[in-house]
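One letter stands for each residue in the lines below.
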Amino acid sequence: MAIETIARPSARLSEQTLLDMHWTMVLSRRLDERCWALHRQGKIPFHVSAMGHEAAQVGAAFAIHRGVDYVHPYYRDLTLVLAIGVTPADFMMSLYGKQTESSSGGRQMPSHFGSRTLNIVSGSAPVATQVPQAVGLAFSIKYKQQCGLVKANDASQPRLALACLGEGATSQGEWHEGMNWAGVHKLPFICFVQNNIYAISVPMQSQMAVANVADRAAGYGIPGVVVDGNDVFAVYDAMAAAVKRAYNGEGATLVEAKTYRQVPHSSDDDDRSYRSREEVAEWKGKDPILQFERRLLAEGILTEAKARSVDERARAEVERAQVEAEAAPWPAPEDALGDVYAPSEEA
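Residues numbered from 1 in each chain as written. Predicted model: local features only at pLDDT ≥ 70, side-chain atom pairs only at ≥ 80, totals over all residues. Heavy atoms only, no water.

Enquirer: Which parts of the structure should I look at to understand a nonpolar patch on the surface?
Expert: Taken together, the side chains of F139, Y143, L149 and W181 present a nonpolar region at the surface, about 430 Å² in accessible area. By the element assignment, Y143 lies in helix α5 (residues 130-146). (Patch = residues over 30% accessible without salt bridge, like charges linked within 9 Å, V, L, I, M, F, W, Y side chains within 5 Å. Areas by Shrake-Rupley, 256 points an atom, 1.4 Å probe, with all protein chains shown as cover. Salt bridge = Lys/Arg side-chain N within 4 Å of Asp/Glu carboxyl O. Helix = DSSP H or I, 4+ residues; strand = E, 2+ residues; numbered from the N terminus.)

Enquirer: Just to check I follow, could you spell out the packing of helix α1 (residues 15-40) against helix α10 (residues 304-327) for this structure?
Expert: The N-to-C vectors of α1 and α10 enclose an angle of 45°; their axes lie 9 Å apart at closest approach. On the basis of the axis angle, α1 is oblique to α10. Crossing hand, α1 versus α10: right-handed. Residues H22, W23, V26, L27, R30, L31, R34 and L38 of α1 form the contact with α10, whose own contacting residues are V310, D311, R313, A314, R315, E317, V318, E319 and Q322. Looking at the contact of α1 with α10, its residues break down into 8 nonpolar, 2 polar and 7 charged. (Axes fitted to C-alpha atoms, helices over the stretch in contact; angles between N-to-C directions. Parallel < 35°, antiparallel > 145°, perpendicular 65-115°, else oblique. Left-handed = near helix turned anticlockwise from the far one by under 90°. Contact = heavy atoms within 4.5 Å. Nonpolar A, V, L, I, M, F, W, Y, C, P; charged D, E, K, R; others polar.)

Enquirer: What exactly am I supposed to notice about the confidence of the model for the protein here?
Expert: Do not read the predicted coordinates in detail wherever pLDDT is low. Per-chain confidence: the protein averages 94 in pLDDT, with 96% of residues scoring 70 or above. Within the model, the stretch residues 1-6 combines pLDDT values under 50 with 14 contacts to residues more than four positions away or in other chains. (pLDDT = per-residue confidence, 0-100.)

Enquirer: Whenever I open this one, the side chain of D69 confuses me. Can you help?
Expert: Here D69 shows up in the loop between α2 (54-61) and β1 (70-72). Look at D69: it is buried, it has no salt bridge, and the nearest opposite charge is R159 at 6.2 Å. Here R159 takes part through its backbone nitrogen, which lies 2.9 Å from a polar atom of the side chain of D69. Of note is the side chain of D69, whose polar atom sits 3.4 Å from the backbone nitrogen of L160. In contact with D69, not counting residues within four places along its chain, are I64, L118, N119, P158, R159, L160 and Y247. (Buried < 20%, exposed > 50% of the residue type's maximum accessible area, 1.4 Å probe, protein only. Lys, Arg positive; Asp, Glu negative; His and termini not counted. Polar contact = N/O pair within 3.5 Å; in protein donor to acceptor, adjacent residues only side chain to side chain.)

Below is the structure:
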């Protein structure tokens, strides 16, 4: 089953929206690069990178109602959460584990994003658990609409749930259970798979016997579509079609964005053990930010001077975020028990 994208919703994006997309991608890359440097300097213990995934995540984020629709990101979704409203300072606080970290007060693992105000649901460490959780939210959305508790076209209310994951997570039982439930009940749910070929060190052909994750969608009775994850416009168009289906009560969609992570799986991984430097170099030549910049330059939306200004502004914002995080207080040891157990009546 395929999604019709003939109308190409991306053609209606304003120049300012395209520049906002570009800004988010550049900001994410500069923040990402700084985090790798901080890890190598021994200032932070762990980092998961979004390098190479920026186009896929920006295309997805800008297609939904950001800050209103529910989003279950996965650990590689730095660019996506920045597009929704998480700040570089917020992210730096999580890397340093500072008291003012917004998702958990410094107790959650870095890149396990969460924000009540932005409707970003905090992730669990086990792979793919976000899928049945997001499907449950989608079921709640549909139930409330059917019961008349909210109007189906009320833009102030969440109208879909989006779950993001890598292709390796689709080998987990939770993914299959969630997808089956979404298909049976025609839920307003989007499964966004960012296929970067490797589930840590395991290549896709060792994970599944089909060419595309989206091929599995038919087994759940929902549409599946494959897009170039390095093309912002292609991802946006596919996601916009999926959003329209969800908002119109037509059910769930699986969108698979083919992309590549340009760096190791995480700061604890050595990718030289399972992929060649030639392969990495080839994919770096398809860098999504450079592709997008070339398109904007060709259409006169961006100039070389503006591009340099964006880069300088992004670097300055990352620098401010680091300074703010390093100056923030550490959580007290007793804070580890806060917001976990309800206070006893005797307390």
